[in-house]
Amino acid sequence: MAGSLGVSVGTHIVRRTGNGAVRKVEADICVVGAGIAGTSAAIEAARLGRKVVLIDGLPALGGQAVNSIIGTFCGLFSNGTHGYQFTHGIADDILETLGRNSEQLYYRNGPLTTVVYYDEVALGRWIERTVRELGITVIVGAVLRQADVENRRINRLHLATRYGDVDVGATGFVDASGDAALVWQAGFACREPSDGPVFGTQMVILEHIDEDKQPTRDEIGARMKEKGADYGLVRREGLGFIIPGRGVAAMNMTHVETPLDPIEASVKGIDGKDQADRAVTFLRKEFPECFGNARVRAYGFPGIRQTRWIVGRQQLSVDDVRAGTKFPDAVARTAWPIELHDHGSGHTWQTFDQDHVHYVPLSSMIPAEGDNVVAAGRCIDADNAALSSVRVMGPCIAMGAAAAKALDLAGTGSVHQIDIAALARRVHDNVETKHMRWPGRAA
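A. Region of interest: the overall build of the chain. Within the chain one finds 13 helices and 20 strands. Over its C-alpha trace the chain gives a radius of gyration of 22 Å, about what one expects of a compact globule, namely 22 Å for 443 residues. A principal-axis box enclosing the C-alpha atoms of the chain has dimensions of 70 × 60 × 45 Å. For the chain, buried positions account for 55% of its 443 residues. Here the contacts in the chain between residues at least 6 apart in sequence split such that 74% fall between residues at least 24 apart. Within the structure as shown, the chain displays about 19,100 Å² of accessible surface, and the carbon and sulfur contribution to it stands at 48%. The positive charge centre, built from 47 side chains, and the negative charge centre, built from 52, are 4 Å apart in the chain.

Printed below as a string of structure tokens:
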């Protein structure tokens, strides 16, 4: 029987038998989580010549950086109006590639922070192209069901996907899941907040705004405090990230609980979109000159800040952050403020001076109970306030790179026993270099 295009369409009968075939994959380094930290780890490991597998629970790469539409690289530059770049590696590649188009990258600096706005679609395509060019094996839409552990080493992961089960064996592993999912499944000790939730955010992209009539952040925040209750808003402060010339804005105006319970997480995800809709209604009515014709172009996946993290060999403390403690095994740096979203209506925002730098030690990224796994990103070991200042994209890129390099040095040995001096040479640019990338480009 011919189809509408004259092509023969054939079928055959199939039936599932037993537990089905399991795909088996072997690698040198397996990275769990394809957000910015995991992407950095996978790319750096591949560039070191390692065979890499990159796994994510979403059906696409990019994690929150792309799919939650964060829209900003934070913590990537030092403070001040003429700050230097903290993080290199894939950060250089991204800034160079997206920076060729003014609609894909825009620098905005103030006296105490510098933020780089990016187009999430462009970032996503850069990640996909780079991963493919390096020959990294990708497994998306994967749920981690079990981790096999023997003598403090993770040996194999068992994954479920809609297309069947996959087993992945590797010499070393990176937990860039954000929720310490790999360390948790391995049975190693983890931490969770004990004083209530750390709130996440439902991001939206608004289009058809009038950039010339946009209110200031202070004006939006003051109006939210005054009238937020009238619109049923939980968060009473607002942020908008606008790349000039595009007529669109990424709006960060919600607070949404992000529980680890599977049912409650699903409910809160729906609640987040409702809060986003209320925030858009607020903007249209309270600032009609700018937002009167605005409409939602896209909702991101729920944005998550802090849920569960590892128990490392060392816990980074808020005192370390404030003091700018430079650890012997420092692998990442930033000057981003303490940004703790631990209450619904607002957040804690404590900035640092122009010369401030604080650091992330490798020992806060290594689970105390595991020999061949390194955490990167928002699930490293730190107290609530300290983690809030180092879980942003700049230091997360550096942590991902350091995780790959530490595992490369460890080989079949333990990451607890690597040559720290050798690692320091490898991460030098992300700890010591003071490179000016963008003079004259900020606004």
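B. Representation of the layout of surface pockets within the structure. Each pocket or cavity is described by its volume, and for the second largest pocket that value is around 230 Å³. Forming the walls of the second largest pocket are A21, R23, P59, I139, V140, G141, T161, R162, Y163, G164, D165 and V166. Among the elements that line the lining of the second largest pocket, the one with the most residues is strand 9 (residues 164-175), at three residues. Tallied by class, residues from the lining of the second largest pocket come to six nonpolar, three polar and three charged.

C. The arrangement of the packing of aromatic side chains in detail. According to the stated counting rule, one finds eight aromatic pairs in the structure shown. Ring centres 6.0 Å apart and planes at 70° place the aromatic pair F77 and Y107 in the edge-to-face group. Here F77, found in the loop between strand 3 (72-74) and helix 3 (90-98), pairs with Y107, found in strand 4 (residues 105-109); they are 30 residues apart in sequence, far enough to count as distant. A residue is classified by how much of its surface remains accessible, and F77, at 2% relative accessible area, is buried. Sitting over the face of the ring of Y299, K273 holds its NZ or CZ atom 5.3 Å from the ring centroid. When the ring centre of W184 is taken as origin, the NZ or CZ atom of R308, which lies over that ring, is 4.0 Å away.

D. The sheet that holds strand 5 (residues 114-118), seen in detail. In space, the three strands of this open sheet follow the order 3-5-4, with antiparallel pairing throughout. Because the sheet does not close on itself, it has two edges, and the strands there are strand 3 and strand 4. The average angle at which neighbouring strand axes cross in this sheet is 25°, direction not considered. The pairing of strand 4 with strand 5 spans five bridges and is classified as antiparallel. The residue bridging Y106 from the neighbouring strand is Y117, located in strand 5. Contacting strand 3 and strand 5, helix 11 (residues 393-410) runs over the sheet at an angle of about 75° to strand 3.

E. Structural context of helix 3. Taken residue by residue, helix 3 has I90, A91, I94, L95 and L98 as its buried positions. For helix 3, the angular spread of buried residues about the axis comes to 135°, placing them on one side. The inward-facing, buried residues of helix 3 abut helix 1 (36-47), strand 3, strand 4, strand 5, helix 4 (120-133) and helix 11.

F. Geometry of the side chain of Q202. Examined against the element boundaries, Q202 turns out to sit in the loop between strand 10 (190-191) and strand 11 (204-207). Polar side-chain contacts of Q202 include one of 2.7 Å to the backbone oxygen of G300. Residues in contact with Q202, not counting those within four places in the same chain, are M251, T254, V256, G269, G272, K273, A276, Y299, G300 and P302.

G. Empty space enclosed by the protein, seen in detail. Scanning the entire structure with this criterion turns up two cavities of 30 Å³ or more. The volume enclosed by the largest cavity comes to roughly 90 Å³. As for the largest cavity, its lining consists of G71, Y117, Y118, E120, I205, F241, I242, I243, R246, V248, A249 and A250. Going through the elements one at a time, strand 5, strand 12 (239-242) and strand 13 (248-252) are the ones with two or more residues in the lining of the largest cavity. With three residues, strand 13 is the largest single contributor of residues to the lining of the largest cavity. Here the lining of the largest cavity is composed, by residue class, of nine nonpolar, one polar and two charged. Of the voids in this model, the second largest cavity is the one considered here, and its volume is about 30 Å³. Q202, V204, M251, M253, T254, A276 and A279 together form the lining of the second largest cavity. Here the lining of the second largest cavity is built from residues that sort into five nonpolar, two polar and no charged.

H. How the structure looks around the nonpolar core. In this structure, I55, L157 and M365 are the most contacted members of the largest nonpolar core, which totals 104 residues. At eleven residues, the largest contribution of residues to this core is made by helix 11. With sequence-adjacent residues up to four places away left out, L157 is seen in contact with C30, V32, I55, L144, Q146, A147, V166, D167, V168, F173 and L182. In this structure, V204, I209, C290 and A294 belong to the second largest nonpolar core, which totals 21 residues.

I. Representation of the side chain of N252. Inspection of the secondary structure puts N252 in strand 13. Accessibility expressed as a relative area gives 10% for N252, which makes it buried. There is a polar contact of 2.8 Å between the side chain of N252 and the side chain of R235. The residues contacting N252, other than those within four sequence positions of it, are T201, M203, R235, G238, L239, F241 and R305.

J. Broad picture of the packing of helix 6 (residues 217-227) against helix 7 (residues 262-286). Packing of helix 6 against helix 7 leaves a shortest axis separation of 12 Å and a crossing angle of 105°. When the axes of helix 6 and helix 7 are compared, the pair comes out roughly perpendicular. On helix 7, the residues that touch I220, R223, M224 and K227 of helix 6 are F282, L283 and E286. The residue inventory of the contact of helix 6 with helix 7, partitioned by class, reads four nonpolar, no polar and three charged.

Definitions and cut-offs
Residues numbered from 1 in each chain as written. Predicted model: local features only at pLDDT ≥ 70, side-chain atom pairs only at ≥ 80, totals over all residues. Heavy atoms only, no water. Helix = DSSP H or I, 4+ residues; strand = E, 2+ residues; numbered from the N terminus. Rg over C-alpha atoms; globule rule 2.2 N^0.38 Å. Buried < 20%, exposed > 50% of the residue type's maximum accessible area, 1.4 Å probe, protein only. Contact = heavy atoms within 4.5 Å. Areas by Shrake-Rupley, 256 points an atom, 1.4 Å probe, with all protein chains shown as cover. Lys, Arg positive; Asp, Glu negative; His and termini not counted. Charge placed at Lys NZ, Arg CZ, Asp CG, Glu CD. 1 Å grid on protein atoms, 1.4 Å probe; cavity = no way out; pocket = protein on both sides within 12 Å on 5 of 7 lines; lining within 4 Å. Points joined across faces, edges and corners; volume = space filled by probe spheres on them. Nonpolar A, V, L, I, M, F, W, Y, C, P; charged D, E, K, R; others polar. Phe/Tyr/Trp six-rings, centres within 6.5 Å; stacked < 30°, edge-to-face > 60°. Lys NZ or Arg CZ within 6 Å of the ring centre and 35° of its normal. Pairing = 2+ DSSP bridges. Axes fitted to C-alpha atoms, helices over the stretch in contact; angles between N-to-C directions. Arc of directions from axis to C-beta. Polar contact = N/O pair within 3.5 Å; in protein donor to acceptor, adjacent residues only side chain to side chain. Core = buried A, V, L, I, M, F, W, Y, C linked by side-chain atoms within 4.5 Å. Parallel < 35°, antiparallel > 145°, perpendicular 65-115°, else oblique.

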